[in-house]
Amino acid sequence: MLCSVRALLMLLLMMLQYIGPALSQPYPNYHADFVDIDQHSKEPKWWQTGAFYQIYPRSFKDSNGDGVGDLNGIADRLPYLKELGITATWLSPIFSSPMADFGYDIANFTEIAPIFGTMSDFERLIKIAKQLDMKIILDFVPNHSSDECDWFKRSAAGEAEYKDFYVWHPGRMVNGTRQTPSNWLSVFRGSAWEWHETRKEYYLHQFLKKQPDLNYRNPKVRDTMRNVLRFWLAKGVAGFRIDAVPSVFEIAPDAAGQYRDEPRNDWVNDPDDYGYLQHIYTVDQPETLAMVYDWRAVLDEFKDGDERILLAETYSPIDIVMQYYGNATAEGAQLPFNFLLITEISNKSNAVDYAQTIQKWLQHMPQGRTANWVLGNHDQSRVGSRLGADRVDMLNMLITTLPGASVTYQGEELGMTNVWISWKDTVDPSACNTNASIYEHFSRDPERTPFQWSGDADAGFSNASKTWLPIAGDYKQVNVDQERQQPLSHLNIYKKLLQLKRTEKTLQLGDVEVKALSGAVLGVKRFRQHDFTYVTLLNIFDGIETVNLNQSFSDLTAQMEVVVVSGNSKRKVGDLIDSSSLQLLPKESLILRSTSIYYTYYVNGEHRKLPVLGIYLVLAQVVLYLNYCQVLTLNRRW
């Protein structure tokens, strides 16, 4: 009896010792209803917190010495992606093509281009990826084919089955002169209509003239493209990135069979520039959304294994982008790409701009959907060139600690930057359709240069005498081999970030607060009941900044532990930082973790927190003391 009383007294003393400081804030310890243990306990699907990695096959790894990357090169380097912690990689087009637009002009949608390998090579790639527990996603290019596609040749010849496979029109007669059906413009400059001498009609091409638009108002086209998806799904791909989604449908012709002209933009004076017109009839038509929902239904036919997914490329207004997720009756793309960090953030953007851009997506996103964060791709200037090489770590920290999936373009984990390409060496049709004085504004070659594996010749990409695009001049300093040896290289920081995302439930399932702590400092808080809280801090500019985290975020521990630092930081992992006063160096970024886990409870309807660690220590010591008392009692009996 005496021992039990002592145990009770010990319990009270220890509760005061461990819990007292937390309750003295003041949090009265009565009528406390502990919140249900995990309202966010559901395991995420594989893609919901996935790290996606885009491979541009021509530039990833050349296995046969022709200066162009290929499937075997990708397969041989998949262990590198596993080392990074990548969930899935999507490949830019690998299908049979005359390569007018480097694979986005497809001649056969179910064949592998010989320059990339064979179908056996592709099947080997799928097999190796499966062994590594990684997934392969393909580029699906639905808007157009190549003019060398058999479908187009038969359509141009007027064969009944393919006659309306593409968008054809005889043109408008004006004062006895035949003119294009409308004023529509190509993304690659000039008219979107091209005269076909054999058929004696114009065909629509919203991109290159060698990329005729398919006619999705023809049910045979829709059936054919559904079967393209099924073909590759049966091969084992995990899903598709849909190219140029907004362009799939254009407005139908009017009752007289004519297409309406699009209005012009007054702020663009070049009549051949795509921006000269407002594209109200050629993009973002309502039928396009229904088509994406239809493609999702095709993917859902495949019930074996993990869920197959769609990633949709669209730079449309935010309200339209959100509709790609689906609606009340139909599922759409699991991940419509979020390009806001590309389109709305510049080198001059401050912390308020970042916070507003991030919140814009989160606030518009329908409930229950998954966010994603894209920093770059093969069509956009590299993030190190666009936003600064000294911001690479902070931006990778940002996209990997925000909720949802992250998308990385090959080389961004190394801090690769744009490479200047001369007019002579330029191969991108977007630039080649211009002239030597303006081509740099249109060229996408600078972000497509070969991947930098090592300091060896051709950066370890190839052993060819000449690669398809020049190698970056900094490849001896910026490459995988070199950065593996540097603890705070961009590469090793990126690996740490993906490891953290993969292991920490707070970063997978937790709630989020995004705030500008000052004009220069952005803060992202991730928190979850009964788990650690994480705070990501980015000092965006070149000044030294001092912040009080408690003024912006509630329920932080008095000290926070450093878990990841940027390459320019003087702090070390494991350092403890005072939450009320933290100094950040210019362009420094940190990820901090709370030093305790809390139970959430309510007192008189007011939200409180209690440190879990303290409770566990108390209970453990009480159990030990009671066991000690039990041993004493037994000894006395003997």
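What you are looking at is a predicted structure, and each value in this text was computed from that prediction instead of being measured.

K.L.:
Could you give an account of the overall build of the chain, with specific residues and numbers?
P.N.:
When its secondary structure is counted, the chain shows 18 helices and 26 strands. Relative to its full complement of 638 residues, the chain shows a buried share of 56%. Accessible area of the chain: about 27100 Å², with a carbon and sulfur share of 52%.

K.L.:
Before we move on, can you summarise the pairing of strand E21 (residues 559-565) with the specific residues and values?
P.N.:
A large share of E21 lies buried, amounting to five of its seven residues. Where E21 lies against strand E22 (residues 576-578), three bridges are found, and the strand directions are antiparallel. Note on E22: the bridge partner recorded for Met560 is Ile577. Two elements, E21 and strand E24 (residues 589-594), share five bridges in a ladder whose sense is antiparallel. Bridge pairing in E24 links Val562 to Leu592.

K.L.:
Just give me the short version of the sheet that holds strand E16 (residues 405-409), but keep the residues and values in it.
P.N.:
Reading across the sheet, the eight strands line up as E14-E13-E12-E6-E3-E2-E16-E15 and stay open at both edges, with parallel pairing between neighbours. At either margin of the open sheet sits one strand with a lone partner, and together these are strand E14 (335-336) and strand E15 (372-374). Summarising the sheet, strand E12 (residues 239-242) and strand E13 (residues 309-312) pair through four bridges and their orientation is parallel. Bridge pairing in E13 links Ile242 to Ala312.

K.L.:
Give a description of unusual backbone geometry that names residues and reports values.
P.N.:
Non-glycine residue Ala459 carries a positive phi angle of around 55°. Among the secondary structure elements, Ala459 is positioned in the loop between helix H13 (439-442) and helix H14 (480-484). Taking relative accessible area as the criterion, Ala459 reaches 0% and is therefore assigned buried. Its identity as a non-glycine residue notwithstanding, His530 has a phi of 60°, on the positive side. With respect to the element layout, His530 can be found in the loop between strand E18 (521-527) and strand E19 (534-539).

K.L.:
Got a sec to walk through the confidence of the model for the chain? Specific residues and values, please.
P.N.:
Across the chain, the average pLDDT comes to 91, with 87% of residues at or above 70. When the criterion is pLDDT under 50, residues 15-40 qualifies, and its contacts beyond four places in sequence or with other chains add up to 47 contacts.

K.L.:
Any details on the layout of surface pockets? Residues and values, ideally.
P.N.:
Unoccupied space between atoms shows up once a probe the size of one water molecule is rolled over them. When its volume is computed, the largest pocket comes out at roughly 1200 Å³. In terms of lining residues, the largest pocket is bounded by 33 residues, among which Val187, Phe207, Tyr274, Tyr315 and Gln380 are the most central. Tallied by class, the residues present in the lining of the largest pocket amount to 12 nonpolar, 12 polar and nine charged. For the second largest pocket, the lining is made up of 32 residues, of which Gln48, Met365, Gly368, Arg369 and Thr370 are closest to its centre.

K.L.:
Can you explain the packing of aromatic side chains? Please cite residues and give values.
P.N.:
Per the stated rule, a full pass over the model turns up 34 aromatic pairs. Ring centres of Tyr325 and Trp361 lie 6.4 Å apart, and the angle between their planes is 65°; this geometry places the pair in the edge-to-face category. With Tyr325 in the loop between helix H7 (318-323) and E14 and Trp361 in helix H9 (residues 351-364), this residue pair connects regions lying 36 residues apart in the sequence. Like Trp361, Tyr325 is buried. On the basis of an interplanar angle of 50° and a centroid distance of 4.4 Å, the ring pair of Phe451 and Trp453 is categorised as tilted. Members of the aromatic cluster, joined through ring pairs, are Phe109, Trp151, Phe152, Tyr162, Phe165, Tyr166, Trp168 and Tyr203. A cation over an aromatic ring shows up here: Lys525 above the ring of Phe527, its NZ or CZ 4.6 Å from the ring centre.

Cut-offs used in this document
- Residues numbered from 1 in each chain as written.
- Predicted model: local features only at pLDDT ≥ 70, side-chain atom pairs only at ≥ 80, totals over all residues.
- Heavy atoms only, no water.
- Helix = DSSP H or I, 4+ residues; strand = E, 2+ residues; numbered from the N terminus.
- Buried < 20%, exposed > 50% of the residue type's maximum accessible area, 1.4 Å probe, protein only.
- Areas by Shrake-Rupley, 256 points an atom, 1.4 Å probe, with all protein chains shown as cover.
- Pairing = 2+ DSSP bridges.
- pLDDT = per-residue confidence, 0-100.
- Contact = heavy atoms within 4.5 Å.
- 1 Å grid on protein atoms, 1.4 Å probe; cavity = no way out; pocket = protein on both sides within 12 Å on 5 of 7 lines; lining within 4 Å.
- Points joined across faces, edges and corners; volume = space filled by probe spheres on them.
- Nonpolar A, V, L, I, M, F, W, Y, C, P; charged D, E, K, R; others polar.
- Phe/Tyr/Trp six-rings, centres within 6.5 Å; stacked < 30°, edge-to-face > 60°.
- Lys NZ or Arg CZ within 6 Å of the ring centre and 35° of its normal.

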